[in-house]
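# A structural walkthrough
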Amino acid sequence: QIDPQNSNALNSLGYLLAERSDRYAEAENFIDRALQLDPENPAFIDSKGWVLFKLEEYDEALLWLQEALSRYYDDEIVVHLAHTLIKLGRHEDAYNLIQEALGNSPNSPMLREAEETLDFGLTPS
């Protein structure tokens, strides 16, 4: 209300709602408003993909998250993309994505947690 044109605040509020509540439609509205103000921002593009993931619109989420990652390489975007790939049944792609990211950032707590907790559906050989 104080600054309705603040795209960072709009995106942050939308992402927070998507992450910590089930108010996904409201979250998407805030994120869409942020994207209208700054459509090239990879963080906002990631937020759109993540809220679509939360809305179980995995095919569309995949497109947004791939776009975000192509614009800015970030561990959080990688993890969001891995979650989405798993939901789409692309377990090996998700595993490979996390392993490649760990090659770039071997000490990333976010990537290590994803490696340990995501169900890649792969059996050890």
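Up top is the structure.
My aim in this report is to walk through the structure given alongside it, one point at a time.

Definitions and limits used
- Residues numbered from 1 in each chain as written.
- Predicted model: local features only at pLDDT ≥ 70, side-chain atom pairs only at ≥ 80, totals over all residues.
- Heavy atoms only, no water.
- Helix = DSSP H or I, 4+ residues; strand = E, 2+ residues; numbered from the N terminus.
- Buried < 20%, exposed > 50% of the residue type's maximum accessible area, 1.4 Å probe, protein only.
- Core = buried A, V, L, I, M, F, W, Y, C linked by side-chain atoms within 4.5 Å.
- Contact = heavy atoms within 4.5 Å.
- Phe/Tyr/Trp six-rings, centres within 6.5 Å; stacked < 30°, edge-to-face > 60°.
- Lys NZ or Arg CZ within 6 Å of the ring centre and 35° of its normal.

Within the element layout of this structure, Asn41 appears in the loop between helix H2 (24-37) and helix H3 (42-54). The class of Asn41 is buried, set by a relative accessible area of 17%.

Formed by 32 residues in total, the largest nonpolar core has its most connected members in Val78, Leu81, Leu97, Ile98 and Leu111. Looking at this core, the elements with two or more residues in it are helix H1 (7-20), H2, H3, helix H4 (58-71), helix H5 (75-87), helix H6 (91-104) and helix H7 (109-117). Here this core takes seven residues from H5, the largest share from any one element. With residues up to four places along the chain from it excluded, the contact list for Ile98 reads Val78, Val79, Ala82, Leu111, Ala114, Glu115 and Phe120. Within the second largest apolar cluster, six residues are counted, among which are Tyr15, Phe53, Tyr58 and Ala61.

We now examine the packing of aromatic side chains. Under the counting rule described, the total for this entry stands at three aromatic pairs. Clustering of aromatic rings is evident, with ring pairs tying together Trp50, Phe53 and Tyr58. Over the ring of Trp64 we find Lys48; its NZ or CZ atom is 5.7 Å from the centre of that ring.

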